[in-house]
Amino acid sequence: MPARTLHFPSPRHLSSLYAGREENLAHAERTLGVKLITREDWLKIEPPTGLSPAAAAPAIAVAASLFTFLDSARSQGMTIRTPDFHRITDGFARGEGDQLRALITEPLVIATNRKTIVPKTLGQKLYLQSMLAHPVVFGIGPAGTGKTYLAMAAAVSALLKNEVERIILTRPAVEAGETLGFLPGDLREKILPYLRPLYDALHDMLDPEDITRLTEKSVIEIAPLAYMRGRTLSHAFIVLDEAQNTTPEQMMMFLTRLGEDSRMVVTGDITQIDLPRAKQSGLLEVRHILRDIPGIDFHTFSGSDVVRHPLVGKIIEAYEDYRNPITADNAAEEKR
């Protein structure tokens, strides 16, 4: 029988290739039509019972290629998470191994003045590639997936490479269950709390004196979404953050600001909409309106893509189960 055995540096190394979850190996077995056996630091790939050697050989070769690819991805510093494992396995099953290998043979690194940013998951790498390939990209997913941080890194990198002349960062000024209207100060001081996360990310990538200089020259502009009305934004990299809190009218207004040689990235978390109940989210609506337009790409993260503290991902999953009790009950029933 055409079985193959792959060896790895350690049991922990091997386990990391399938996110340490036995059910991921079971998914690979079902998807690729093989039998997988792991012991210590080796993985044995066998044909399923009753399959002839000639018929089993292609499936075993694909499975071996899958784990060789995962090992290469890990050696580049990528963390293999369950969504990554499923995406990659399904891709190899569809014959897309060459395209996936290009992700590894062509490393993607975002350089800024203060640090070099490397995607930590396959989902993040696909998101960055999408931003490089499309004029308009939507990054949708929960907190901690890096959707805003990576968008800002791409914007800073584009500015440093002279691919754009300015960066425009914007957010809708919608209160997340708190009221800032009675705080002391002028308009700028009142809206600063809404924009602080963008400043924090910017300080991670550029020296403070550079931020001050570029902001004073309007090369970097951070402003509420309302300030975008009536403008045409050319030769710019524009990031709209917290887009779940835009109304449909605001979303259309923002997207139609796109000018010559500009790029837009829209990020948001549709599970954290702070709009009044009577108002619909523009981010929810736009997915149905623009999903088939060439040049516009939608990249969706899940709770399993979270790269913050491991508890953040579990908190998000717990909230998803609480808000979708029927789905959670079904999952519990299946485990029994």
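These numbers were taken from a predicted model, which means no experiment stands behind them.

Let us now look at the nonpolar core. Tyr127, Met131, Leu169, Leu202, Ile220, Ile222 and Phe237 are the most contacted members of the largest nonpolar core, which totals 35 residues. Looking at this core, the elements with two or more residues in it are helix H6 (122–133), helix H7 (147–160), strand S7 (166–171), helix H8 (187–205), helix H9 (208–216), strand S8 (220–224) and strand S9 (236–240). It is H7 that contributes the most residues to this core, nine residues altogether. Those residues in contact with Met131, other than ones at most four positions away along the chain, are Val137, Leu150, Ala151, Ala154, Arg263 and Val265. Counting residues in hydrophobic clusters, the runner-up holds 30 residues, among them Leu32, Ile60, Phe67 and Met78.

Within the secondary structure, Glu165 is located in the loop between H7 and S7. The residues contacting Glu165, other than those within four sequence positions of it, are Leu159, Val219 and His235.

What follows concerns the pattern of salt bridges. Inspection of every chain in the model, using the stated rule, returns eleven salt bridges. Here the salt bridges do not stand alone but share partners, grouping Arg171, Asp241 and Glu242 into one network.

With respect to topology, three strands assemble into an open sheet ordered S1-S3-S2, the strand pairing being antiparallel. Pairing within the sheet leaves two strands with one partner each, and these edge strands are strand S1 (4–7) and strand S2 (35–39). The sheet shows a mean angle of 20° between the axes of neighbouring strands, taken without regard to direction. Inspection of the sheet shows S1 paired to strand S3 (residues 42–46) by four bridges, in the antiparallel sense. Following the sheet pairing, His7 is matched in S3 by Trp42.

This brings us to the packing of aromatic side chains. Remark: the centre distance and the inter-plane angle together describe each pair of aromatic rings, the angle taken between the planes. Summed over all chains, the structure comprises four aromatic pairs. Both rings, one in Phe138 and one in Phe298, keep their centres 4.5 Å apart while their planes meet at 10°; by these two values the pair is stacked. Of this pair, Phe138 sits in strand S6 (residues 136–140) while Phe298 sits in strand S11 (residues 296–300), and the two are 160 residues apart along the sequence. Judged by relative accessible area, Phe138 falls into the buried class, the value being 0%.

So, on to helix H11 (residues 282–290). By the burial criterion, the buried members of H11 are Gly282, Leu283, Val286 and Leu290. Mapping the buried residues of H11 onto a view down its axis gives an arc of 85°, with all of them on the same face. The elements touched by buried residues of H11 are S6, helix H10 (248–255), strand S10 (263–268) and S11. One side-chain oxygen of the residue at the start of H11 lies 3.2 Å from the amide nitrogen of Leu283, identifying that residue as Ser281.

This next bit is on the packing of helix H2 (residues 22–32) against helix H4 (residues 82–93). Two elements in contact, H2 and H4, have axes whose closest approach is 10 Å; the angle formed by their N-to-C orientations is 15°. Compared by their axis directions, H2 and H4 come out roughly parallel. For H2 against H4, the interelement crossing comes out right-handed. Residues Asn24, Leu25, His27, Ala28, Thr31 and Leu32 of H2 lie in contact with H4, whose contacting residues are Thr82, Phe85, His86, Thr89, Asp90 and Ala93. Its residues assigned to classes, the contact of H2 with H4 shows five nonpolar, six polar and one charged.

A word on the side chain of Arg257. Position of Arg257 relative to the elements: it lies in the loop between H10 and S10. For Arg257, the side chain forms a polar contact with the main-chain oxygen of Met253, separated by 2.7 Å.

Attention now moves to the packing of H4 against H6. Axis separation between H4 and H6 bottoms out at 8 Å; the angle between their running directions is 70°. Classified by the angle their axes make, H4 and H6 are roughly perpendicular. Residue-level contacts link Asp84, Arg87 and Ile88 of H4 to Leu122, Gly123 and Leu126 of H6. Its residues placed into classes, the contact of H4 with H6 shows three nonpolar, one polar and two charged.

A few words now on the sheet that holds S6. Read from one edge of the open sheet, six strands run S8-S7-S9-S10-S6-S11, paired in parallel fashion. Edge positions in the sheet fall to S8 and S11, since each has one partner strand and no second. Each strand of the sheet is rotated relative to its neighbour by a mean of 15°, with strand direction disregarded. With five bridges joining them, S6 and S11 adopt parallel strand pairing. Opposite Phe138, over in S11, you have Phe298 as the bridge partner.

Parameters at a glance
Numbering of residues begins from 1 in every chain and follows the order in which that chain's sequence is written. Side-chain atom pairs in this predicted model are given and counted only at pLDDT of 80 or more, local residue features only at pLDDT of at least 70, and totals for whole chains, interfaces and linings cover all residues. For side-chain calculations, the full set of non-hydrogen atoms in the structure is used, while hydrogens and water are omitted. Take the buried residues of types Ala, Val, Leu, Ile, Met, Phe, Trp, Tyr and Cys, join any two whose side-chain atoms come within 4.5 Å, and each joined set is a nonpolar core. For every residue, the accessible area obtained with a 1.4 Å probe (protein chains only) is divided by the maximum for its type, and the residue is called buried under 20%, exposed over 50%, and partly exposed between those limits. By the criteria applied, helices consist of DSSP H or I runs no shorter than four residues and strands consist of E runs no shorter than two, each listed in order from the N terminus. By definition in these notes, contact holds between two residues if any of their heavy atoms fall within 4.5 Å. Counted as salt bridges are all cases of a side-chain nitrogen of Lys or Arg within 4 Å of a carboxyl oxygen of Asp or Glu. One bridge is not enough; two strands pair if DSSP finds at least two bridges between them. Helix axes are fitted only over the stretch in contact, all axes being lines through C-alpha atoms; the angle between N-to-C directions runs from 0 to 180 degrees. Aromatic contacts are taken between Phe, Tyr and Trp rings whose centres are within 6.5 Å, Trp giving its six-membered ring; a plane angle under 30 degrees counts as stacked, one over 60 as edge-to-face, and the others as tilted. The arc in question is the one traced by the directions running from the helix axis out to the C-beta atoms. A 3.5 Å cut-off defines polar contacts: any pair of N or O atoms within that distance qualifies, except that in protein one atom must be a possible hydrogen donor and the other a possible acceptor, and neighbouring residues in sequence count only when both atoms are side-chain atoms. Orientation is classified from the angle alone, with under 35 degrees giving roughly parallel, over 145 giving roughly antiparallel, 65 to 115 giving roughly perpendicular, and any other angle giving oblique. Two helices that cross are described as forming a left-handed crossing if the nearer one is turned anticlockwise from the farther one by less than a right angle, and a right-handed crossing if clockwise. Just so you know the grouping, Ala, Val, Leu, Ile, Met, Phe, Trp, Tyr, Cys and Pro go in nonpolar, Asp, Glu, Lys and Arg go in charged, and all remaining residues, Gly too, go in polar.

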